[in-house]
Amino acid sequence: MKPFISPAVVISLSLVAGHASPADLVQVYRDALANDAQYASARATRDAGLEALPQGLAGLLPTISASAFTQWNDLDISFRGALPDSSRSGNSNAITFSLSQPVFNWNNFMVYKEAGFKAAQAEATFSQAAQDLIVRVSQAYFDVLASQDSLAFIQAQKAAISEQLAQAKRNFEVGTATITDTHEAQARYDLAVSQEIAAQSDLELKRRNLQQIVGRFPDRLTPLRVSVEITPPRPATMEEWASAAETRSYPVRVQEAALEVAKREIERSRAGHLPTLNLVGNVGQQSQGLSTTGASNVGSDVTSRVIGLQLAIPLYAGGSVSSQVRQAIANREKSQQDLEFSRRTAALAARQAYLGVTNGIAQVKALDAALTSSQSALDSNKLGYEVGVRINIDVLNAQQQVFSTKRDLSKARYDTIVNGLKLKAAAGSLSEADVEEVNRLLGAN
């Protein structure tokens, strides 16, 4: 079975890509800011949510309207024999300006109070989306690097198995090894070819996932430096991070704002029992010009100015207001429970990310030591095979152990870095500065 991409094609693509500078994490992140549809949708949702403020304020401000009309009048008047019948016709025009200023309207005042918390909720939701973008971009970026490393390790392993297979065939031809060594090496080589095909497919999927966020895929990505040292989180205790997440994470802020809105909604519903008082006024002018058949009448112009207070007292609404109050109280209880759940979820996410960082750092150190030991074991097995104290399968197993350790070490580094970003996101402190800090860990090896 042949791999999807031949070595010649890989070399050609590498030569073409070599002329372009590799993209780093900051560049990819800024491309995502401009092109990610999910982030753009969150920004538009935030902008729509902020409009709750002017809409809430509008309920406390005066409303002014104007109306006008013109009409033609054609009247036939009969006086039932007392006077001769009369016909009158003419045009009537009128224009009126009306003003209404709420003096007391508790419903509108609560709507205005709610608007501030709805705007805060929209801002917090958008800030969470901004943090999510950093995590998604970083995760996709390092997933591509991990997949590239895995493919490179498999290809190197396949090359090493190929050499071992050739050596086993030569030893069999000269009678110093059995056909079993050849069959074992051939089986491992065929398995490596299958793994290479799977790794190529996985790399393509990881590249497409990054492309979905960024809008395009860079020719190359800047890799993580091999000698990089990942620092432990500060503060150094898990509970400090969990406490910060419970109070400062953006999902918690969203639910806190939702609870405040629910509280005001109760007052807004109770306002259905309260009177409303408005200052009303209007200015209008009306003109009429009617003429009697065979004679002319003088038209009239009327200018009116009215100002007053308008009081409305609700008496009975079929129990609707009381029902709405009970519903609002139940929604407030729901919001309280949602807030508590979000706090626990945020604390759990912080603890998980903290353990991911600390355990990841320990795992990187352990795998680094294991890689040194595995390489020594491989060298010893190769030497033992040459002098006849080790068999071919021992060398193949040692080779597989080396490349598996390299793959696990590479992935552990990437996972630890991403968990560091997730930890800051859980605490509500993740920003572009953290992206730049991670970006300093990248560079040519």
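Rules behind the numbers
Residues numbered from 1 in each chain as written. Predicted model: local features only at pLDDT ≥ 70, side-chain atom pairs only at ≥ 80, totals over all residues. Heavy atoms only, no water. Helix = DSSP H or I, 4+ residues; strand = E, 2+ residues; numbered from the N terminus. Rg over C-alpha atoms; globule rule 2.2 N^0.38 Å. Buried < 20%, exposed > 50% of the residue type's maximum accessible area, 1.4 Å probe, protein only. Contact = heavy atoms within 4.5 Å. Areas by Shrake-Rupley, 256 points an atom, 1.4 Å probe, with all protein chains shown as cover. Lys, Arg positive; Asp, Glu negative; His and termini not counted. Charge placed at Lys NZ, Arg CZ, Asp CG, Glu CD. Patch = residues over 30% accessible without salt bridge, like charges linked within 9 Å, V, L, I, M, F, W, Y side chains within 5 Å. Salt bridge = Lys/Arg side-chain N within 4 Å of Asp/Glu carboxyl O. Polar contact = N/O pair within 3.5 Å; in protein donor to acceptor, adjacent residues only side chain to side chain. Axes fitted to C-alpha atoms, helices over the stretch in contact; angles between N-to-C directions. Nonpolar A, V, L, I, M, F, W, Y, C, P; charged D, E, K, R; others polar. Expected span 1.5 Å × (residues − 1).

> Explain the overall build of the protein chain residue by residue, including any values.
Along the backbone of the protein chain there are 11 helices and four strands. In terms of overall size, the protein chain is more extended than a compact globule, its C-alpha atoms giving a radius of gyration of 39 Å where 445 residues would be expected to give roughly 22 Å. Its C-alpha atoms put the protein chain at 145 × 50 × 40 Å along the principal axes. Split into buried and exposed, the 445 residues of the protein chain put 35% on the buried side. Summarising the internal contacts of the protein chain: among those between residues at least 6 apart in sequence, 84% fall at separations of at least 24. In the form shown here, the protein chain has an accessible surface area of approximately 25,200 Å², with 55% of it arising from carbon and sulfur atoms. Looking at the protein chain, you have 43 positive and 44 negative side-chain charges, and the mean spots of the two groups are 3 Å apart.

> So, a nonpolar patch on the surface: which residues are in play, and what are the values?
Together, Val 103, Phe 104, Leu 274 and Leu 309 give the surface a local cluster of nonpolar side chains, amounting to about 360 Å² of exposed area. Structurally, the position occupied by Val 103 is in strand E2 (residues 86-104).

> With reference to specific residues and values, describe the side chain of Gln 131.
Tracing the chain through its elements places Gln 131 in helix H5 (residues 106-174). Here Ala 425 takes part through its backbone oxygen, which lies 3.1 Å from a polar atom of the side chain of Gln 131. Dropping the residues within four chain positions of it, Gln 131 is found in contact with Tyr 250, Lys 424, Ala 425, Gly 428, Ser 429 and Leu 430.

> Go over the side chain of Gln 128, please, and point to the residues and values.
Tracing the chain through its elements places Gln 128 in helix H5. Residue class for Gln 128 comes out buried when judged on its relative accessible area of 17%. With residues near it in sequence (within four places) discarded, Gln 128 still touches Tyr 250 and Pro 251.

> Provide a residue-level description of the packing of helix H2 (residues 25-35) against helix H11 (residues 432-439), including the pertinent values.
The interhelical angle for the contact between H2 and H11, taken along N-to-C directions, is 145 degrees, at an axis separation of 8 Å. Counted together, Leu 25, Val 26, Tyr 29 and Arg 30 of H2 and Glu 432, Val 435, Glu 436, Val 438 and Asn 439 of H11 form the full contact between these two elements. Residues that form the contact of H2 with H11 fall into these classes: five nonpolar, one polar and three charged.

> How would you explain H5 if you had to name every residue and give the values?
For H5, built from 69 residues, the straight-helix expectation of 102 Å at 1.5 Å per residue is met to within 8% by its first-to-last C-alpha distance of 100 Å. Gly 175 sits one or two residues past H5 and shows a positive phi near 85 degrees.

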